Amino acid sequence: LKMFSLGSWLPAWPGLAWGWALLDALLQGLVGACAVSVLCSLLKVYLYIQCLNNPERQAEKEAIRAQWWVLEPLHVVVLTGVLAMVGSRVAALVALEFSLRAVSTILSLGKGTHSSQLYLLCQYSLGCRVSCGLSFLLEGAPHGTCNLGLAAGLAGLLATYARRLARHICTLYELHSRERYCGVCILLLAAGHGIPQLLRRALAVTFAVADLAAVALINRDFLSTAEAVRFWTPLTICYTLLVIYMQDEPRQSSGRQPVYQTVLVRMGGLFILLLTVGRWTDILHILISLLGELWCLLRAGVMLQVCLRQ
C-alpha cells in the first residue's frame, strides 16, 4: 500500500521529510482556519438576523453589514500560518485550558447566557483543536498528506459557502424575507434561531475528540509516570487558578478591554508554567498563540461588541 504514498515517489533526501512535515502543518492549519471561518460566518448570520428583528439594534445591524468582506481570505491566510507554526504540544495545552474555562462558564451562567460571546472567544481554541485532532488521528498514516489535502479541500469548500451565505444574508435577507421568494432566507426566517444550538452540538463533538487527542499528544513525550506527574501537577494548579480568575472577573462589561485582559492572563499563566516545565520551543509557540488569539478577537471585534451589548 505504501507504493501509493506521495513520499515514496521521491528520493529519500535529508530535507524531504522536513518539507512533508511543513506541508502537513500548513494543511492542518488551513483546516483549522476554515473551521474558524465557518463558525464566524454562521455567527454573523445569526447576529445579523437578531439585530434586524430588533428595531433598537439597527445601528449594530449596519455595523455587521459594513464589515470588509475582502479581509475574510486574509484572515484565513494569517490564521493558517499561525496554526501551522504552533506545535501540537502547545495547541493541546490551549485546547485543554479553554475546555475547562468553557465548562466552568456554562455551569456558572444560565442557559444561553452569553453563548454567542463564548463562541467568539473559542475561535483560536477551535483552530488549535482541529489541528491537534488531525495531528493525532493521522499520526503515522501512510496517506496522511493525501488525507489532509482532502480535508483541506472540503473545509475550504464549507468555509467558502458559509462566507457566501453570510454575505447573501447581510445584503438581501431583509428584502427576501419580506417578499418570501428566496428559499435560503425563508429557511433562516423559520429556523435561524436554531443556529446557536447547531454550533453548540458541533463544538461539543469537536471539543470532546480534541481533548482526548490533546491528552494523548502531551503524554507521548513522557518516558515515565514520574515525568508525567511532574508536568501535570503544576499544569492542573495553573488551570485551576485560571478558572478561579475567570469566575471572579465581572460578568457584564461595556467594552472589550476585559476580553483582551483575559487573553493576556491566560497566555501569561501558560507562559510562566512552560518556563519551568516546558521547552524553549513551547515558549515561542505560546507567544505565537498570543498573536493568534489577539488576531481572532480583533477580526471579530464588531460581532464581539454586539454580543457584549446583548
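From a predicted model like this one, the values you see are computed outputs, not experimental measurements. (Residues numbered from 1 in each chain as written. Predicted model: local features only at pLDDT ≥ 70, side-chain atom pairs only at ≥ 80, totals over all residues. Heavy atoms only, no water.)

Undergrad: Just checking my understanding: could you explain the packing of aromatic side chains for this structure?
TA: To describe a pair of aromatic rings, you give the distance between the ring centres and the angle between the ring planes. Tallied over the entire structure, the rule returns one aromatic pair. Residues F98 and F207 carry aromatic rings whose centres are separated by 6.2 Å and whose planes lie at 85 degrees to one another, so their mutual orientation is edge-to-face. Of this pair, F98 sits in helix α4 (residues 88–108) while F207 sits in helix α9 (residues 195–219), and the two are 109 residues apart along the sequence. On the basis of relative accessibility, which here comes to 1%, the residue F98 falls in the buried class. The ring of F207 is capped by R129, whose NZ or CZ atom sits 3.6 Å from the centre of that ring. (Phe/Tyr/Trp six-rings, centres within 6.5 Å; stacked < 30°, edge-to-face > 60°. Helix = DSSP H or I, 4+ residues; strand = E, 2+ residues; numbered from the N terminus. Buried < 20%, exposed > 50% of the residue type's maximum accessible area, 1.4 Å probe, protein only. Lys NZ or Arg CZ within 6 Å of the ring centre and 35° of its normal.)

Undergrad: I keep staring at the UniProt feature "transmembrane region" (unreviewed entry) in the protein and nothing clicks. Help me out?
TA: Following the UniProt record, the feature "transmembrane region" (unreviewed entry) maps to residues 27–47, 68–86, 202–219, 231–247, 259–277 and 283–308 here. Taken end to end, residues 283–308 is 96% helix and 0% strand, and its first and last C-alpha atoms sit 32 Å apart. (UniProt positions renumbered as here; feature names shortened; annotations may be inferred.)

Undergrad: What should I look at first to understand the pattern of salt bridges in this one?
TA: Opposite charge on two side chains permits pairing when their charged atoms draw close. For the structure on display, the rule yields six salt bridges. In this structure, the salt-bridge partner of K44 is E72, at a minimum N-O distance of 3.3 Å. Placement of the pair is K44 in helix α1 (residues 14–52) and E72 in helix α3 (residues 71–85), with a sequence separation of 28 residues. Across the pair, exposure class does not vary: K44 and E72 are buried alike. (Salt bridge = Lys/Arg side-chain N within 4 Å of Asp/Glu carboxyl O.)

Undergrad: Help me out: how do you make sense of a nonpolar patch on the surface in this one?
TA: Taken together, the side chains of F136, L137, V205 and V209 present a nonpolar region at the surface, about 360 Å² in accessible area. Mapped onto the nonpolar patch, the elements with two or more residues apiece are α6 (123–137) and α9. Within the element layout of this structure, V209 appears in helix α9. (Patch = residues over 30% accessible without salt bridge, like charges linked within 9 Å, V, L, I, M, F, W, Y side chains within 5 Å. Areas by Shrake-Rupley, 256 points an atom, 1.4 Å probe, with all protein chains shown as cover.)

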